[in-house]
Structures are given as structure tokens and as C-alpha cells.
Protein chains: 2
Amino acid sequence: MDCVRRRASSVADDRLTPRAREIVEAARAVLEESGPGSLTMRSLADRLGIKAPSLYKHFPDKSAVEVELIALMLTESAEACEAAEAATPGSLAALTTAYRDYALAHPHLYRLGTERPLPRHALPPGLEDRAAAPLLRVCDGDGDLARAAWAFAHGMVILEINGRFPEGADLTGAWKKGTEALHS
Amino acid sequence: MDCVRRRASSVADDRLTPRAREIVEAARAVLEESGPGSLTMRSLADRLGIKAPSLYKHFPDKSAVEVELIALMLTESAEACEAAEAATPGSLAALTTAYRDYALAHPHLYRLGTERPLPRHALPPGLEDRAAAPLLRVCDGDGDLARAAWAFAHGMVILEINGRFPEGADLTGAWKKGTEALHS
DNA sequence: GTCTATACCCGGATAGAC
DNA sequence: GTCTATCCGGGTATAGAC
């Protein structure tokens, strides 16, 4: 199967022209540095050294750019989970740790990719399943358990990103308790 | 202690003038009907039959209105959980069910109350603790477990609100699995 | 406590020249 | 593929009269 070598692309592959890929990378940089409220067509153009109207030669509208960012996040977090699974097969703890680390390293991107319904029709085929697969394998195909574990991990991550836990609370205990309870 | 009877206020108590309370109730209605993007000072004024600038006689700015909405959400969800605890003491399932029901009945309000850091300085004293107390009691004072259970419940709720689970997936199985695993 | 008028800023997006 | 010029809408918020 290694004839189908998978590229560790920083931005989704053939779906985009080279220039469009550069734009998405710039959008990602703006988003991660300054948050979603600062990602505008103007700020994006500024970072690229062009004017905002030029962007519309490459994307029909802003939401098309955002879709690519969402696809990017899903791909990267799937890759992170696949790597964790490869390193420590069958471990829910390894998976949740990888998931947490990725999300906290890219909070704005993670949020963008989870705060709205998936634009399924516009995503690369199979991406959603790919992102879900490692967790489902760890749960031995138990979809209910996998969803519960996902909810736990997402809840922990997003509550932390949103600053909802008290002050400097140490959350490793909560991660441990939850992961062990759902264990697998 | 019943000399300190607690009112089942629809909007936070003495913190606000009667007119300000009406404004918050209108804001709640707009938010729940049309979503956060539609809650503007203009739309809020429209619903009240006044002009937007008049609102600034009652609130210094828009965020002050939002703080009241957040306080409202926390109070109501705490009340829902307290009622569930009173009806079925010691049951995590009863608690998560009440939490879920409240959140899904008021998705926009719930989201507003969880998507950003708590404005702790502006909230009624003790409200955050009150909201956390029932879950902490069910977890026998185990803070790590309580946080894990909260993350699970919030994750389930917010992923459902955000339309992230596949199509018409039945989630009761996942709720059951997660609640039993964290059991208490 | 409400009004009118208005300032101010910012966003997405289009037309048409080069 | 980029530009300039521009439109259009929408938001928060203030000043000052009544």
C-alpha cells in the first residue's frame, strides 16, 4: 500500500491552485495570530501584500476560504491522532492526549473547525470518516462509546480554550479521570 | 433558613431597574429567536418599540446586556440542575438529563453563556459556585471527576447544537454510555 | 426616558481598467 | 492576477433637544 504515499501537506492538496493554497496559508496565519474576529478579506489581503478585491479571483467569497481552513484543521488533527495510534495502538489516553495537544496548539483554528455544522458537501470526500476512525478503532467499533469519548475530549478542550475552568486549575486530573472511566 | 426565600426570578433580581429587566428579557427573546448574530442594539430596540440610542440610558454598552444574559443562563441552568437533584438525589443521569434538556431548549442562550470566559467580576457573587455545586455533590466532592463529567455533558450538548454529529444520529446511547462510565 | 441626527468605523463584495 | 474606485449595508455609540 505504500505506493499510495500520503503527502504531509500543510494545506489540502489538489483541490486548490498553488496561489489559492498560499492564500489559505496566509488565512491560517492571520487566524491563529489574531483570532477569528480579525480574519477579514482586507487583513488577509494585507498579509499577502495585495488588495482585498484580488482575493475574489481565487475564491468566490470568504466562506470558501473558511471551508479550506476547516478542512485543514480536520486533516491535521486526524494526522495527529493517526500518529498517536501508530505509536501506542489501542490506547485511548494516547489518543486524547494527541487530540488535546493539537487543539491547544491551534485554538482559533480548532474552534473554527468545531463551532459550526460541517460543510460536508464542500469537504474532501472521506475526511470526516478519517478524522473519526482512530477513536472508533480504540472503542472497538462501539459508536456510542466513541461519541461519548469525543464529547468528553472536545468538552475538555473547548472549555479550556474558552477559559471556563477556574483560574490556573490543573486539568490533568480531570483528563485522567475521564479517560480512565471511558477507558476502552 | 427559609427566611431567605429565593425568588424564581425570570431575570436577575435587584441588580437591575425594572426597565433594565424588560430590556434583558427582550434581548433574550431576540437572541433565542434569531441567534447571536441578530442581537444588535438596533434589533433589541426594535423589539422594545424604541430607538437604539435610548438603550444607552439603561446600559453603558452592549456587553453589559450580554453579561446579564449570561447571568440569566447560569441561574436558570443551576435551577434546572437543583430541581433534578431534589427529585433524584445522587443521580448523575438525572443531572445530565436536566442539563441537556435545558441547553437544547435554549441553544443560543446556552452558547452565549459558555463560549467565552466568564465575566466573573460582573456576575452575582456565588453564582458560578452555585451552578457547579449539584454536579460536585453527585461526584462526592471529587473535583476532577466533576470537571470530567461537566466536559462530557458540555461536549455532548455543544456538538449537538453545532450540528456536528452525523445527520439524525440517535445520541441517547452515547449519553448513556458516558454517564454510566463516569457513573458516580 | 425617549427622540432625531449623526459620526464613525468596519465588513463583504462588484465593476472595469491595466 | 492585480489594481483603483466604489457601493452598500451594518454595527456601536454620542450629542443635544424635548
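Sequence positions are assigned chain by chain, starting from 1 and proceeding in written order. Chain labels run from A onward and ligand labels from 1 onward, assigned in the order the entries are written. Selection of residues for local features in this predicted model requires a pLDDT of at least 70, selection of side-chain atom pairs for listing and counting requires 80 or more, and totals for whole chains, interfaces and linings are taken over all residues. Side-chain numbers here rest on the full set of heavy atoms in the structure, without hydrogens or water.

Caption draft 1: Summary view of the interface of chain A and chain B. On the side of chain B, 35 residues touch chain A, which itself brings 36 residues to the contact. Two parts lose some accessible area (1.4 Å probe) when they are put together, and adding that loss for both gives the buried area. Around 2900 Å² of area is buried between chain A and chain B when both sides are counted, 60% of it from carbon and sulfur atoms. We define a salt bridge as a side-chain nitrogen of Lys or Arg found within 4 Å of a carboxyl oxygen belonging to Asp or Glu. Scanning the region where chain A abuts chain B turns up two salt bridges. Under the rule applied, a polar contact is a pair of N or O atoms within 3.5 Å (in protein, one hydrogen donor and one hydrogen acceptor; residues adjacent in sequence only if both atoms are side-chain atoms). Taken together, the links from chain A to chain B amount to 10 residue pairs in polar contact (both at pLDDT 80 or more). Secondary structure follows DSSP: runs of H or I at least 4 residues long count as helices, runs of E at least 2 residues long count as strands, and numbering of each begins at the N terminus. Top contributing element to the side of chain A that touches chain B by residue count: helix H8 (residues 143-161) of chain A, with 12 residues. Here the term charged refers only to Asp, Glu, Lys and Arg, the term nonpolar to Ala, Val, Leu, Ile, Met, Phe, Trp, Tyr, Cys and Pro, and the term polar to all other amino acids, Gly among them. Residue composition of the side of chain A that touches chain B, by class: 17 nonpolar, eight polar and 11 charged. Here, residues are in contact when the closest pair of their heavy atoms is within 4.5 Å.

Caption draft 2: Looking closely at the protein's contact with DNA strand D. A single heavy atom is enough: if one lies within 4 Å of a molecule or strand, its residue is considered near that molecule or strand. Close contacts around DNA strand D come from 15 residues, with Lys51(A), Lys57(A), His58(A), Met41(B) and Arg42(B) the closest. Here a phosphate oxygen of DNA strand D and a side-chain polar atom of Ser54(A) are 3.0 Å apart. The contact in question runs from a base nitrogen of DNA strand D to an N or O atom on the side chain of Arg42(B), over 2.3 Å. Counting residues per element, the ones that place at least two in the surface near DNA strand D are helix H3 (52-55) of chain A together with helix H2 (41-48) of chain B. Grouping the constituent residues of the surface near DNA strand D by class yields five nonpolar, four polar and six charged.

Caption draft 3: Seen up close, the relation of the copies chain A and chain B. Here the copies are superposed with least squares, the fitted atoms being C-alpha atoms of residues at a pLDDT of at least 70 in both. Least-squares fitting of chain A to chain B yields an RMSD of 0.0 Å, with the transformation described by 0.0 Å of translation along the axis and a rotation of 180°. As the rotation angle and translation indicate, the two copies are arranged about a two-fold axis. A shared interface surface links the copies, since 97% of the contact residues of chain A are contact residues in chain B too.

Caption draft 4: Up close: helix H5 (residues 107-114) of chain B. The buried label applies to any residue whose accessible area, calculated with a 1.4 Å probe on protein chains only, is under 20% of its type's maximum; exposed applies above 50%, and partly exposed to all values in between. The complete set of buried residues in H5(B) reads Leu109(B), Tyr110(B), Leu112(B), Gly113(B) and Thr114(B). On its buried face, H5(B) is in contact with helix H1 (18-34), helix H3 (62-87), helix H4 (92-105) and helix H7 (143-161) of chain B.

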